[in-house]
Amino acid sequence: MDAAPPSAPSPLSHPAAPDDDDGAPDAAAAETRRQPAGRELHAQRLDRVLVSMAPEFSRSHLQTLIERGHVRVDGKTAQTSSRRLRIGQVVEVDLVPTEESQAFKPEAMALAVMHEDEHLLVLNKPAGLVVHPAPGNWSGTLLNGLLAHHPGAASLPRAGIVHRLDKDTSGVMMVGKTLPAVTALVRDIAARTVRRHYLALAQGRVEPADQRIDAPIGRDPAVRVRMAVVPGGKPARTDVHVVARAEGSSALQCTLHTGRTHQIRVHLAHVGHALVADAVYGGKPALGLQRHGLHAARLQLEHPITRDVLVFEASAPQDFEEAWRRVTGRVACWRADEAEGAQGAASVVAATMQEK
């Protein structure tokens, strides 16, 4: 997994509203407020006046409404937030909801379902699909699809999402469909009984062939949108096994023992071998890949209710499959026999490094 399991927030309760064709909230459904400018508003900036008219909205959102043409002064569309009002001018604003408030709504989408029962849903997530709404991606996310997929999702924290894959990471992920299942899955992830295995394509010749990267991860102090290996970060451990090397790249099997945000991406960049095409961490496009070379290939867990052991393996998308074959000459899949031997070798490497 390349993102940490979220903590359990309160259930989703955000109202839905119709959208325009461009995905913006529907102005026709918005409340319109009107206020003449009295003496106390004379010479005040328009955006400050809007804050007094609609204090429940942030100033930045109200400025956005001005930019989108939802604010009028004396019946004419306002152009700038900084314009000063005069006594007697009438201000009107269409209080279009924020994009964030509209994020938690059902959106029908095709889901690659690998397993589904009353309590558990397992998916093969495609690359390019955002898992949870966030700035820049308030719609079209997996969460939106889950809300449309089954009615119980609306009453669950994050629609049942208990762990995430980055937008450009493909592969197997699990979702709880009931509150007892979500609770059990979050508990199992915290107890590290869920086994997560990835295929990765990294730049350069990764050495040694079997290694354990045990390095704490936290927010990058220099670039806040990235994570990094930092003193005082959260403990993070990744086992790495080299499957093959070719064309200036290494094909890897990676096993997670923790689930920090961007863990595999950060650990490999830390040892000088960023993922192929991972622009955030210094990777360059190669092997035909234009998105970072990471695929969640295998997931083993206990069913959250029955406690039966379940194993799921997700086929890789075409771009990753073709890149993997260029390096290895074989199909992109998890090889358990290689992984077992690699874990023993990695332990020896880690012990030798500690002795030094």
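So, a few notes on the structure that sits alongside this text.

What counts, and at which threshold
Residues numbered from 1 in each chain as written. Predicted model: local features only at pLDDT ≥ 70, side-chain atom pairs only at ≥ 80, totals over all residues. Heavy atoms only, no water. Helix = DSSP H or I, 4+ residues; strand = E, 2+ residues; numbered from the N terminus. Buried < 20%, exposed > 50% of the residue type's maximum accessible area, 1.4 Å probe, protein only. Contact = heavy atoms within 4.5 Å. Areas by Shrake-Rupley, 256 points an atom, 1.4 Å probe, with all protein chains shown as cover. Pairing = 2+ DSSP bridges. Axes fitted to C-alpha atoms, helices over the stretch in contact; angles between N-to-C directions. Core = buried A, V, L, I, M, F, W, Y, C linked by side-chain atoms within 4.5 Å. Salt bridge = Lys/Arg side-chain N within 4 Å of Asp/Glu carboxyl O.

### Considerations on the overall build of the protein
Helices and strands together make up the secondary structure of the protein, namely seven helices and 15 strands. Of all 356 residues assigned to the protein, the portion counted as buried reaches 49%. Put simply, of all contacts in the protein between residues at least 6 apart along the chain, 66% involve residues at least 24 apart. Just so you have it, the protein exposes about 16,400 Å², and 50% of that area is on carbon and sulfur atoms.

### Here we look at the sheet that holds strand 1 (residues 31-36)
Spatially, 1-4-2-3 is the arrangement adopted by the four strands of the open sheet, whose pairing is antiparallel. With partners counted over all chains shown, the strands left at the sheet margins are strand 1 and strand 3 (76-77), one partner each. As paired elements, strand 1 and strand 4 (residues 90-95) share six bridges and run antiparallel to each other. Within the sheet, the bridge partner assigned to R34 lies in strand 4 and is E92. Across the sheet, helix 1 (residues 46-53) touches strand 1, strand 2 (71-73) and strand 4, and the angle it forms with strand 4 is around 65°. Running over the sheet, helix 2 (residues 59-67) touches strand 2 and strand 4 and is turned about 105° from strand 4.

### Topic: the environment of G140
By the secondary structure assignment, G140 is in the loop between strand 6 (120-125) and helix 3 (142-149). Among the residues examined, G140 registers a relative accessible area of 34% and is labelled partly exposed. Distance from G140 to K105, taken between C-alpha atoms, is 9.7 Å for residues 35 residues apart in sequence. Those residues in contact with G140 that lie beyond four places of it in its chain are E107, M109 and L129.

### Observations regarding the nonpolar core
Within the largest apolar cluster, 48 residues are counted, with the highest numbers of intra-cluster contacts made by L142, L146, M174, Y198, L252, L268 and L301. Those residues within four positions of M174 in sequence are excluded, and the remaining contacts are L120, L121, V122, V162, H163, L185, I189, V194, L299 and L301. With 20 residues, the next largest nonpolar core counts L46, L50, V71 and V93 among its residues.

### Brief notes about the pairing of strand 14 (residues 294-302)
Taken across its nine residues, strand 14 has eight buried, putting it largely inside the fold. Both strand 7 (residues 170-176) and strand 14 contribute to a ladder of two bridges, which runs parallel. Bridge pairing links G171 to A296 in strand 14. In the sheet, strand 8 (residues 195-203) pairs with strand 14 via six bridges, with the strands oriented antiparallel. Paired with A200 across the bridge in strand 14 is L294.

### A look at the pairing of strand 12 (residues 237-246)
A large share of strand 12 lies buried, amounting to seven of its 10 residues. As paired elements, strand 9 (residues 210-214) and strand 12 share five bridges and run antiparallel to each other. Among the inter-strand pairings, R212 is bridged to a residue of strand 12, identified as D239. In this sheet, strand 13 (residues 249-256) lies alongside strand 12 in antiparallel orientation, the contact comprising eight bridges. Considered in strand 13, the bridge of T238 is made with L256. Connecting the antiparallel pair strand 12 and strand 13 is a turn made up of two residues, with E247 showing a positive phi of about 55°.

### Some points on the pattern of salt bridges
If you walk through the whole model with that rule in mind, you get 20 salt bridges. Close ionic contact of D188 with R307 constitutes a salt bridge, the shortest N to O distance being 3.0 Å. Of this pair, D188 sits in helix 4 (residues 179-190) while R307 is found in the loop between strand 14 and strand 15 (309-313), placing the two residues 119 residues apart along the sequence. Judged by its relative accessible area of 5%, D188 is buried. Across the salt bridge formed by R291 and D319, the nearest N and O atoms sit 3.1 Å from each other. Within this pair, whereas R291 is found in the loop between helix 5 (263-270) and strand 14, its partner D319 is found in helix 6 (residues 318-328), the two being separated by 28 residues in sequence. Looking at R291, the relative accessible area reads 7%, which means it is buried. Through salt bridges with shared partners, one network takes in R187, D188, E302 and R307.

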